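One letter stands for each residue in the lines below.
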Amino acid sequence: MKKNLRLVIAVAAMALPLRAAVQTEAQAKDQVKSSITEEELMQRTRELYKGVDAGNPSAWKKYFADDCLYFDEKGHALTKAALVADVTGFPPGYSGHLQLAKATSFIEGNVAILGFDMDEQETIYGQNMTARYHETDTWMLRNGEWQIVAGQVLRYYEDPHIGAAQPARYADYIGTYELAPGKQATVSVEGERLYYQKSESRPGDGKKVELFPEADPVYFRKGVEGRMLFRRDESGKVTALIDRRNNEDVVWKKVG
């Protein structure tokens, strides 16, 4: 009896390393299976946006988690159901295409974060339009499947087209404008160019910048969101310079 027990123990002891090796090999296979590369993520993302062009939401149903959080370029929070419902293709007279570029990623364990640019080209009844976006998606491996659990889209700022200048009106705009006591800005003209310069209260404030016409009296500064508007009273006199930011106005009163 003791001899048989020793034999069983010996066989079990010999089997343990083999079993451990088999488990290690299986775990390694699972690890390889669960890994994903940046190129694989981009390929899946291309599938998503090819579906947008074609009006086919199948990839959106496959690659988005049911409980995903997604925020578009307008700040709307969208569920998976809303995303899928929005993939309907272009209406008559419309066509377009998205080109993906500049991918970056962070991949570790069961989480992969993918960022990329999107260059949009859209044609509306023969008129061409372009826009640029950046999207960041968080993919997660759950239940053996990589899916997007969160995404956010931002639109790159683009300056408006420069409109027709009205130099004859610049004399009305020249002068000093005040936001508060001691906080002033001046508008000046050099040749047929209009310039804006704030009093320096912090680095960069004292720099003279050109104002470009969008449609007089609406102007803009290159690379700066918002508009600058010259306001007139009922008599036609310029009384204020309005710095409009995200549909809210900062009013500089004309004092000289």
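A brief structural summary.

Reading the values: rules and limits
- Residues numbered from 1 in each chain as written.
- Predicted model: local features only at pLDDT ≥ 70, side-chain atom pairs only at ≥ 80, totals over all residues.
- Heavy atoms only, no water.
- Helix = DSSP H or I, 4+ residues; strand = E, 2+ residues; numbered from the N terminus.
- Buried < 20%, exposed > 50% of the residue type's maximum accessible area, 1.4 Å probe, protein only.
- Contact = heavy atoms within 4.5 Å.
- Areas by Shrake-Rupley, 256 points an atom, 1.4 Å probe, with all protein chains shown as cover.
- Polar contact = N/O pair within 3.5 Å; in protein donor to acceptor, adjacent residues only side chain to side chain.
- Pairing = 2+ DSSP bridges.
- Axes fitted to C-alpha atoms, helices over the stretch in contact; angles between N-to-C directions.
- Salt bridge = Lys/Arg side-chain N within 4 Å of Asp/Glu carboxyl O.
- Phe/Tyr/Trp six-rings, centres within 6.5 Å; stacked < 30°, edge-to-face > 60°.

1. Describing the overall build of the protein
Okay, step 1: Regarding its fold elements, the protein presents five helices and 14 strands.
Okay, step 2: The burial tally for the protein puts 28% of its 256 residues in the buried class.
Okay, step 3: When contacts within the protein are restricted to residue pairs at least 6 apart in sequence, long-range pairs at least 24 apart make up 44% of them.
Okay, step 4: With an accessible surface of roughly 16700 Å², the protein has 53% of that area assigned to carbon and sulfur atoms.

2. Describing the environment of F90
Okay, step 1: Topologically, F90 is positioned in the loop between α4 (80-86) and β3 (94-108).
Okay, step 2: For the pair F90 and I124, spaced 34 residues apart in sequence, the C-alpha separation works out to 9.9 Å.
Okay, step 3: Setting aside chain neighbours within four positions, we find F90 in contact with D53, S95, G96 and E122.

3. Concerning the side chain of R221
Okay, step 1: Within the secondary structure layout, R221 lies in the loop between β11 (218-220) and β12 (227-232).
Okay, step 2: Within the structure, R221 has its side chain in polar contact with the side chain of D243 (distance 3.4 Å).

4. So, the sheet that holds β12
Okay, step 1: Strand order in the closed barrel formed by eight strands is β7-β8-β9-β10-β11-β12-β13-β14, and the pairing between neighbours is antiparallel. Between one strand axis and the next, the sheet turns through 35 degrees on average, direction left out of account.
Okay, step 2: Note that strand β7 (residues 175-180) and strand β14 (residues 248-254) share two bridges and pair antiparallel. For E178, the partnering residue across the bridge sits in β14 and is K253.

5. Thoughts on the side chain of D243
Okay, step 1: Turning to its location among the elements, D243 is positioned in strand β13 (residues 238-245).
Okay, step 2: Given the relative accessible area of 2%, D243 is considered buried.
Okay, step 3: A polar contact of 3.0 Å, which involves the side chain of D243, links it to the side chain of R245.

6. Considering the pattern of salt bridges
Okay, step 1: Enumeration according to the criterion identifies 13 salt bridges in this entry.
Okay, step 2: For the salt bridge of R227 with E214, the shortest nitrogen-to-oxygen distance reads 2.5 Å. With R227 in strand β12 and E214 in strand β10 (residues 209-215), the pair connects residues that are 13 residues apart, well separated along the chain.
Okay, step 3: For E214, a relative accessible area of 29% gives the class partly exposed.
Okay, step 4: In this structure, R221 engages D243 in a salt bridge whose closest nitrogen and oxygen atoms are separated by 3.4 Å. Residue R221 is found in the loop between β11 and β12, and its partner D243 is found in strand β13; the two are separated by 22 residues along the sequence.
Okay, step 5: For R221, a relative accessible area of 15% puts it in the buried group.

7. Focus on the sheet that holds β3
Okay, step 1: Reading across from one edge, β2-β1-β6-β5-β4-β3 is the order of the six strands in this open sheet, with mixed pairing throughout. Looking along the sheet, the strands with just one partner apiece sit at the ends: β2 (77-78) and β3.
Okay, step 2: Note: strand β4 (residues 111-124) against strand β5 (residues 127-142), 14 bridges, orientation antiparallel. Each residue of the ladder has a partner; that of V111, found in β5, is M140.
Okay, step 3: Contacts from helix α2 (residues 38-54) reach β1 (64-71), β3, β4, β5 and β6 (145-155) within the one sheet, and its direction differs from that of β3 by about 160 degrees.

8. Examining the environment of G109
Okay, step 1: Among the structural elements, G109 can be located in the loop between β3 and β4.
Okay, step 2: A residue is classified by how much of its surface remains accessible, and G109, at 61% relative accessible area, is exposed.
Okay, step 3: Between the C-alpha atoms of G109 and I36, which are 73 residues apart in sequence, the distance is 9.6 Å.

9. Some points on the packing of aromatic side chains
Okay, step 1: In this structure the tally under the stated criterion is twelve aromatic pairs.
Okay, step 2: Geometrically, the ring pair formed by Y170 and Y173 is tilted, given 6.4 Å between the ring centres and 40 degrees between the ring planes. Residue Y170 and its partner Y173 are both found in helix α5 (residues 170-173); the two are separated by three residues, about one turn of the helix. Y173 matches Y170 in its accessibility class, with the two residues each being buried.
Okay, step 3: Aromatic ring contacts, followed pair by pair, group Y170, Y173, Y177, Y219 and F230 into a single cluster.

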